[in-house]
Amino acid sequence: MKAKVILCSLFAIFGLTAQSHSAEPAGVREIEIVSDTRGKELAVTVWYPAGPGGQSTLVGTDKIFKGTPALADAPVAEGTYPLIVFSHGSGASMHKMSWLAAHLAAEGFIVAGPNHPGTTSGDSTPEDTPKLWERTDDLTTVISALLADRRWRSFIAPDRIGILGFSLGGAAAMELAGARADLDAYIRYCDRYPEMADCVWFAGGRGFRNGEAVNVDAFDLRSVDRERFEQFTPDPRIKAAVLVEPALASVFDETSVREIPIPLHFINLGGPEEVPVSVKADGLARLAPDATHAWIAQAVHFSFMPECRVGAAEFMKSIGEPDALCTDGGGRPRADIHRELQDSITAAFKRDLLPGG
């Protein structure tokens, strides 16, 4: 989360995307799902095991990140699959998660994720960032819509649904698993750690609308709607969760975490002395009754982003941006970090969502 403003700027300009290491391309479809709560349609990307056909495509290649090979609008391969709903990080988009979503699809999962209005590429403001209730509603809306849609429901096992969240998406996933956020704890956190990226974002007076940077007032967490922020919104359809660098890690009510009934798998990018307190999740893993936690060595928060293209660092320098997106925590290639993440996350969902896993 450390270079949040830079990241949002680059996302707003380029709509960045991702790379997959799967041997066979997954199917991918772009769909729209009506959100009654937001009063608009959500842009949702769905990856899935592909049958024969479809148009070979490279999802989202650009000047910084490599793209993901996929089969656009291929038929879904015959079968019934677990569903994983995926929540991206603040200022990102679902295309940036393709390197992982496509891998999961190739491993036998249907993966669906919305772009969250107000906290996605080119559409992100400090005021919208703490509105986790909007993100959780987006995700439950996606589940309900897919289970009701004749084009998808025959391929989805309704009793095998998982959730995957990165950064702010990890916080939303925590709430759907059964955690409750504490607004006073969040206020105290930013008072104590004003240098943390989310707290800098709130104080920065900058946001993004329609792909352009805009000036906004500094945001005071004390103005957040307390009732909505602290609401208890578990979705009983969700049977397992993987949480990578979950934001608000020190803000969740401990009693609620102790009572989460589903398995949780926490992942931090870096070692115990390197991961910032904003996303450090080992304490949450100790509280939850059924949880694992892993540290990914020689990695940083942005190691969860796609592999960078040759010359990406020089390009960012040419536009006046430091290399915040392409530098990891050591000499380890990002492709190697991604393989470890893919293996760990896939194993967790297979264990929790597949019969006999």
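## Remarks on the state of the cysteines
Following the criterion strictly, the structure yields 2 disulfides and no others. Here Cys190 is linked by a disulfide to Cys199, with a sulfur-sulfur distance of 2.1 Å. Taking the torsion about the sulfur-sulfur bond, which here is approximately -90 degrees, the covalent link between Cys190 and Cys199 counts as left-handed. Across this residue pair, the class does not change: Cys190 and Cys199 are buried. The disulfide that involves Cys308 links it to Cys326, with 2.0 Å between the sulfurs. In this structure the cystine formed by Cys308 and Cys326 twists about its S-S bond by roughly -90 degrees; its chirality is therefore left-handed.

## Here's the deal with helix α2 (residues 98–106)
Summarising burial for α2: 8 of the 9 residues are buried, a large majority. Just beyond α2, the residue with positive phi is Gly108, at close to 105 degrees.

## Remarks on the packing of aromatic side chains
For the coordinates displayed, the defined rule picks out 9 aromatic pairs. Ring plane angle 70 degrees and centroid distance 5.6 Å describe the contact between Tyr48 and Trp152, whose orientation is recorded as edge-to-face. Note that Tyr48 is positioned in strand β2 (residues 40–48) and Trp152 in helix α4 (residues 150–153), a separation of 104 residues in sequence. On the accessibility criterion, Tyr48 (0% relative accessible area) is buried.

## Some thoughts on the pattern of salt bridges
Summed over the entire model, instances satisfying the criterion amount to 21 salt bridges. The salt bridge involving Arg237 is made with Asp235; its shortest N-O contact spans 2.8 Å. When the shortest N-O distance is used, the salt bridge between Arg332 and Glu340 registers 2.4 Å. Relative accessible area serves as the criterion here: at 31%, Glu340 is assigned to the partly exposed category. Sharing partners across several salt bridges, the network here consists of Arg180, Asp184, Arg226, Glu230 and Asp253.

## Section: the environment of Ala145
Looking at where Ala145 falls in the secondary structure, it is placed in helix α3 (residues 132–148). The spatial distance from the C-alpha of Ala145 to the C-alpha of Glu32 is 10.0 Å, given a sequence separation of 113 residues.

## Re the sheet that holds β2
Strand order across the open sheet formed by 10 strands is β3-β4-β1-β2-β6-β5-β9-β12-β13-β14, with mixed pairing between neighbours. At either end of the open sheet lies a strand with only one pairing partner, and these are β3 (55–59) and β14 (291–296). In this sheet, neighbouring strand axes are inclined to one another by 30 degrees on average, regardless of whether the strands run parallel or antiparallel. The pairing of strand β5 (residues 81–87) with strand β6 (residues 110–114) spans 3 bridges and is classified as parallel. Looking at the pairing, Leu83 lines up with Ile110 of β6. Helix-sheet contacts for α2 involve β1 (26–35), β2, β3, β4 (68–72), β5, β6 and β9 (156–166), and the interaxial angle to β2 is about 55 degrees.

## A look at the side chain of Arg160
Mapped onto the elements of the fold, Arg160 is located in strand β9. Summary of buried charges: Arg160 has no salt-bridge partner, and the nearest side chain of opposite charge, Asp159, is 4.1 Å away. Residues in contact with Arg160, not counting those within four places in the same chain, are Thr80, Pro82, Leu83, Leu353, Leu354 and Pro355.

## Comments concerning the packing of α2 against helix α12 (residues 334–353)
Put simply, α2 and α12 touch, their axes get as near as 10 Å, and they point 45 degrees apart. As the angle between them shows, α2 and α12 are arranged oblique. Crossing of α2 against α12: the hand is right-handed. Two secondary-structure elements touch here, α2 through Trp99, Leu100, His103 and Leu104 and α12 through His338, Leu341, Gln342, Ile345, Thr346 and Phe349. Taken together, the residues of the contact of α2 with α12 sort by class into 6 nonpolar, 4 polar and no charged.

## Some words on unusual backbone geometry
If a residue is not glycine, its phi is most likely negative; likewise, a peptide bond is most likely trans. Located in the positive-phi region is Leu248, a residue other than glycine, with phi close to 60 degrees. A positive phi angle, close to 55 degrees, is found at Gln298, a residue other than glycine. Relative to the helices and strands, Gln298 resides in the loop between β14 and α11 (312–318).

## Concerning the side chain of Ser87
Mapping Ser87 onto the fold places it in strand β5. Within the local environment of Ser87, its side chain forms a polar contact with the side chain of Arg135, the two groups lying 2.9 Å apart. Setting aside its immediate chain neighbours within four residues, Ser87 contacts His116, Arg135, Leu139, Leu164, Gly165, Phe166, Gly169 and Ala172.

Thresholds applied
- Residues numbered from 1 in each chain as written.
- Predicted model: local features only at pLDDT ≥ 70, side-chain atom pairs only at ≥ 80, totals over all residues.
- Heavy atoms only, no water.
- Disulfide = S-S within 2.5 Å.
- Buried < 20%, exposed > 50% of the residue type's maximum accessible area, 1.4 Å probe, protein only.
- Helix = DSSP H or I, 4+ residues; strand = E, 2+ residues; numbered from the N terminus.
- Phe/Tyr/Trp six-rings, centres within 6.5 Å; stacked < 30°, edge-to-face > 60°.
- Salt bridge = Lys/Arg side-chain N within 4 Å of Asp/Glu carboxyl O.
- Pairing = 2+ DSSP bridges.
- Axes fitted to C-alpha atoms, helices over the stretch in contact; angles between N-to-C directions.
- Contact = heavy atoms within 4.5 Å.
- Lys, Arg positive; Asp, Glu negative; His and termini not counted.
- Parallel < 35°, antiparallel > 145°, perpendicular 65-115°, else oblique.
- Left-handed = near helix turned anticlockwise from the far one by under 90°.
- Nonpolar A, V, L, I, M, F, W, Y, C, P; charged D, E, K, R; others polar.
- Polar contact = N/O pair within 3.5 Å; in protein donor to acceptor, adjacent residues only side chain to side chain.

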